[in-house]
There are 2 protein chains.
Amino acid sequence: MTTALHETASSRLRGAGQRYTARRQQLVELFAGSDRPLAIPEILAAGTGLKQSSVYRNLADLEQAGVVRRVMTDEEFGRYELAEDLGGHHHHLICSRCGRVRDVEVPGDLEATLDRALDRLARKAGFASVSHRLDLIGLCQDCAARERGAHVTKRRLRSAE
Amino acid sequence: MTTALHETASSRLRGAGQRYTARRQQLVELFAGSDRPLAIPEILAAGTGLKQSSVYRNLADLEQAGVVRRVMTDEEFGRYELAEDLGGHHHHLICSRCGRVRDVEVPGDLEATLDRALDRLARKAGFASVSHRLDLIGLCQDCAARERGAHVTKRRLRSAE
DNA sequence: CTTCCTGCAAAAGTTTTGCATTAAC
DNA sequence: GTTAATGCAAAACTTTTGCAGGAAG
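### A look at the protein's contact with DNA strand C
Around DNA strand C, the surrounding shell holds 27 residues, and the nearest of these are Arg23(A), Arg24(A), Arg57(A), Tyr56(B) and Gly78(B). Put simply, 66% of the atoms of DNA strand C that lie within 4 Å of the protein are in sugar or phosphate. Interatomic distance of 3.2 Å between a side-chain N/O atom of Ser53(A) and a base nitrogen of DNA strand C. At the level of elements, α2 (22-32), α4 (52-64) and α8 (154-159) of chain A together with α4 (52-64) and α8 (154-159) of chain B are the ones that each hand at least two residues to the surface near DNA strand C. Residues that form the surface near DNA strand C fall into these classes: three nonpolar, 10 polar and 14 charged.

Quick look at the structure:
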């Protein structure tokens, strides 16, 4: 089922002069089974036994090889997911309060319209080889209620969960 | 010219129980005069005399009051810009290699189409009060040439500039 | 046996915070 | 005078790196 995925990952890593070790296979499996990009703490907690520095280094290597990519959220740490051609083109629903992220797909015709328009724009500005990143920002159901409080930092919010 | 902006900023801060000090006015002016979101190092280097911790604290307060907002790039530090209703709705051209950012506006009809479609999507997923974030990712002219190199971290890239 | 990967510990970079001082109201 | 804002120094947190040991080819 994920055989093709592993073969692709393997060949991309070898192409970059690197090995597709058991650790890295674990990481790829983890991403393949997730419905959202994963943060490093989540990966560490997932019971792979991987150590922090190895996770960072492996993710950097996998990113270089084009197997995963780093995604941006409003959090102050990074999240990773499968590269677009492996995990499919999709976007993210991001809760602006608690940082929760979920994958979401938008209709194909909207994507097409968007692509055409943005390509034109980028070219006019001298940008090459353009892709886009489209996120939906809002409040998830949990947070919509308790929206309140002053001088609350994001870190405090996270640890309060 | 920026009088209205200052008045709005002032009233929003007071509404949050805070003062619109000279330092904060400087910050708002800085953002108003920029064609891209500013990073903390840039703000510190702009000659305002503000200290690092004050910049962070002021930006947090201004963000809470709805005067500025933090924007995400591929860099590992944050950038800030005026809130959408003060600085205008726009998007960002981001160079995936050097991290350079520039503001860009997309045609109004595309925005409208987008808004309608995304609102529907978000509602279906149980998200409330949604906005969107659309970035164009690519290579700026400077970087399009020298695209190369393995195991190069982003931090190294930045300091190499 | 050579090269890459891993873990540990330590460092670097960004952001937050405690406390005393200064400025705003 | 009371409350908020500032600067300084130190801490917290995320990410990167040096080095020694271990696994993969």
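### Some points on the sheet that holds strand β2 (residues 68-71) of chain B
In a beta sheet, neighbouring strands pair by backbone hydrogen bonds and run either parallel or antiparallel. All names here are of chain B. Here three strands make up an open sheet; going across it, the order is β1-β3-β2 and the pairing antiparallel. The strands lining the two open edges of the sheet, one partner per strand, are β1 (38-39) and β2. Bridge analysis of β2 against strand β3 (residues 79-82) gives four bridges, and the strand direction is antiparallel. By the bridge assignment for β3, Val68 is matched with Leu82. Seen against the sheet, helix α2 (residues 22-32) touches β1, β2 and β3 and runs at an angle of roughly 85° to β3.

### Side note on the protein's contact with DNA strand D
In the region of DNA strand D, 27 residues are neighbours, and Tyr56(A), Gly78(A), Arg23(B), Arg57(B) and Asn58(B) sit closest. Of everything in DNA strand D that lies within 4 Å of the protein, sugar and phosphate atoms constitute 67%. Within the side chain of Arg19(B), an N or O atom sits 2.9 Å from a base oxygen of DNA strand D. Mapped by element, the contributors of at least two residues to the surface near DNA strand D are α4 and α8 of chain A together with α2, α4 and α8 of chain B. Looking at the surface near DNA strand D, its residues break down into three nonpolar, 10 polar and 14 charged.

### Some points on the interface of chain A and chain B
Facing 46 residues of chain A, the contacting portion of chain B comprises 46 residues. Remark: the boundary between chain A and chain B carries four salt bridges. For the salt bridge of Asp74(B) with Arg133(A), the shortest nitrogen-to-oxygen distance reads 3.2 Å. In this structure, the connection of chain A to chain B is made through eight residue pairs in polar contact (both at pLDDT 80 or more). Contributing elements (two or more residues each) for the side of chain A that touches chain B: α4, β4 (91-95), β5 (101-104), α6 (108-124) and β6 (128-139) of chain A. Top contributing element to the side of chain A that touches chain B by residue count: β6(A), with 12 residues. Residue composition of the side of chain A that touches chain B, grouped by class: 24 nonpolar, 12 polar and 10 charged.

Parameters and conventions
- Residues numbered from 1 in each chain as written.
- Chains lettered and ligands numbered in written order.
- Predicted model: local features only at pLDDT ≥ 70, side-chain atom pairs only at ≥ 80, totals over all residues.
- Heavy atoms only, no water.
- Near = heavy atom within 4 Å.
- Polar contact = N/O pair within 3.5 Å; in protein donor to acceptor, adjacent residues only side chain to side chain.
- Helix = DSSP H or I, 4+ residues; strand = E, 2+ residues; numbered from the N terminus.
- Nonpolar A, V, L, I, M, F, W, Y, C, P; charged D, E, K, R; others polar.
- Pairing = 2+ DSSP bridges.
- Contact = heavy atoms within 4.5 Å.
- Axes fitted to C-alpha atoms, helices over the stretch in contact; angles between N-to-C directions.
- Salt bridge = Lys/Arg side-chain N within 4 Å of Asp/Glu carboxyl O.

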